[in-house]
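Descriptive analysis of the structure
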Amino acid sequence: NPLTPAAYRTAQGGAESVDIAAINNEEQAISVIKKLKQKGCKIITTSSHFTENTTSIYSPKASEVFLPTHPVVLLVGNERDGVSPALAAQADASIRIPSTGWVESLNVVQAAAVIFGELWRARGGSL
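Summary of the structure given here.

What counts, and where the lines are drawn
Residues numbered from 1 in each chain as written. Predicted model: local features only at pLDDT ≥ 70, side-chain atom pairs only at ≥ 80, totals over all residues. Heavy atoms only, no water. Helix = DSSP H or I, 4+ residues; strand = E, 2+ residues; numbered from the N terminus. Rg over C-alpha atoms; globule rule 2.2 N^0.38 Å. Buried < 20%, exposed > 50% of the residue type's maximum accessible area, 1.4 Å probe, protein only. Contact = heavy atoms within 4.5 Å. Areas by Shrake-Rupley, 256 points an atom, 1.4 Å probe, with all protein chains shown as cover. Lys, Arg positive; Asp, Glu negative; His and termini not counted. Charge placed at Lys NZ, Arg CZ, Asp CG, Glu CD. Salt bridge = Lys/Arg side-chain N within 4 Å of Asp/Glu carboxyl O. Core = buried A, V, L, I, M, F, W, Y, C linked by side-chain atoms within 4.5 Å. Polar contact = N/O pair within 3.5 Å; in protein donor to acceptor, adjacent residues only side chain to side chain.

What to know about the overall build of the protein
Scanning the protein for helices and strands turns up five helices and four strands. Across the protein, helices and strands are ordered from the amino to the carboxyl terminus as α-α-β-β-α-β-α-β-α. Its C-alpha radius of gyration of 15 Å places the protein within 12% of the 14 Å reference for a compact globule of 127 residues. Its C-alpha atoms give the protein principal-axis dimensions of roughly 40 × 35 × 30 Å. For the protein, the residues scored as buried account for 28% of the 127 residues in total. Of the contacts made within the protein by residues no fewer than 6 positions apart, 72% connect residues no fewer than 24 positions apart. Put simply, the protein shows about 8,600 Å² of open surface, and 55% of that area lies on carbon and sulfur atoms. Taking the average location of the 11 positive side-chain charges in the protein and that of its 11 negative ones, the two points are 5 Å from each other.

Next up, the structure:
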């Protein structure tokens, strides 16, 4: 289990309901992503920047990615660098959370919570 005992306690039972993997380098991550895609998973990356390749999590296009017809893997990067270009190239979609413009982005935990909340809503209350 890649979680520390403190992180495991903080999750208050949530750690048992999701698969968590510790990946040590980009090459290993790409290998895991390819295996997950072979199993039918859709890979979604996050971005705090608007580009022609990113979709708002509230758009109809994002809702299609969130449909419960397939498992979803969410790749989130750190606050400074985001998801690396090599990992982003493996993704089926890149999503972003629209902001007010006052703040460039949320921290990674806040962003993941918002995205998982929208995924839950789009799937009718289930993940």
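Some words on the environment of Lys39
Within the element layout of this structure, Lys39 appears in the loop between helix H2 (26-38) and strand S1 (42-46). A residue is classified by how much of its surface remains accessible, and Lys39, at 69% relative accessible area, is exposed. With 52 residues separating them in the primary sequence, Lys39 and Ala91 have C-alpha atoms 14 Å apart.

Details of the pattern of salt bridges
Per the counting criterion, the structure on display carries two salt bridges. Across the salt bridge formed by Lys37 and Asp92, the nearest N and O atoms sit 3.6 Å from each other. With Lys37 in helix H2 and Asp92 in the loop between helix H4 (85-88) and strand S4 (93-96), this pair connects stretches of sequence that are 55 residues apart. Assessed through its relative accessible area of 32%, Lys37 is described here as partly exposed. Close ionic contact of Arg121 with Glu118 constitutes a salt bridge, the shortest N to O distance being 2.6 Å. A residue pair is termed a helical-turn pair when its members lie 3 or 4 positions apart in one helix, as Arg121 and Glu118 do in helix H5 (residues 108-122) at three residues. Residue classification places Glu118 among the buried residues on the basis of a relative accessible area of 9%.

Some thoughts on the nonpolar core
Counting residues in each nonpolar core, the largest one holds ten residues, listed as Ile44, Ile57, Ala62, Val65, Phe66, Leu74, Ala93, Ile95, Ile115 and Leu119. Mapped onto this core, the elements with two or more residues apiece are helix H3 (60-65), S4 and H5. For Leu74, the residues in contact, after removing those within four places along its chain, are Ile44, Thr46, Ile95, Ile115 and Phe116. Within the second largest apolar cluster, nine residues are counted, among which are Ile43, Val73, Leu75 and Leu87.

Quick notes on the environment of Ser94
Of note, Ser94 is situated in strand S4. Taking the relative accessible area as the measure of exposure, Ser94 reaches 14% and is therefore buried. For the pair Ser94 and Thr46, spaced 48 residues apart in the sequence, the C-alpha separation amounts to 5.5 Å. Filtering out sequence-adjacent residues up to four positions away, Ser94 remains in contact with Thr45, Thr46, Ser47, Asn53, Thr54 and Thr55. In terms of polar contacts, Ser94 uses its side chain to reach the side chain of Thr45, at 3.4 Å.

Note that all results are geometric; they support no functional claim without further evidence.
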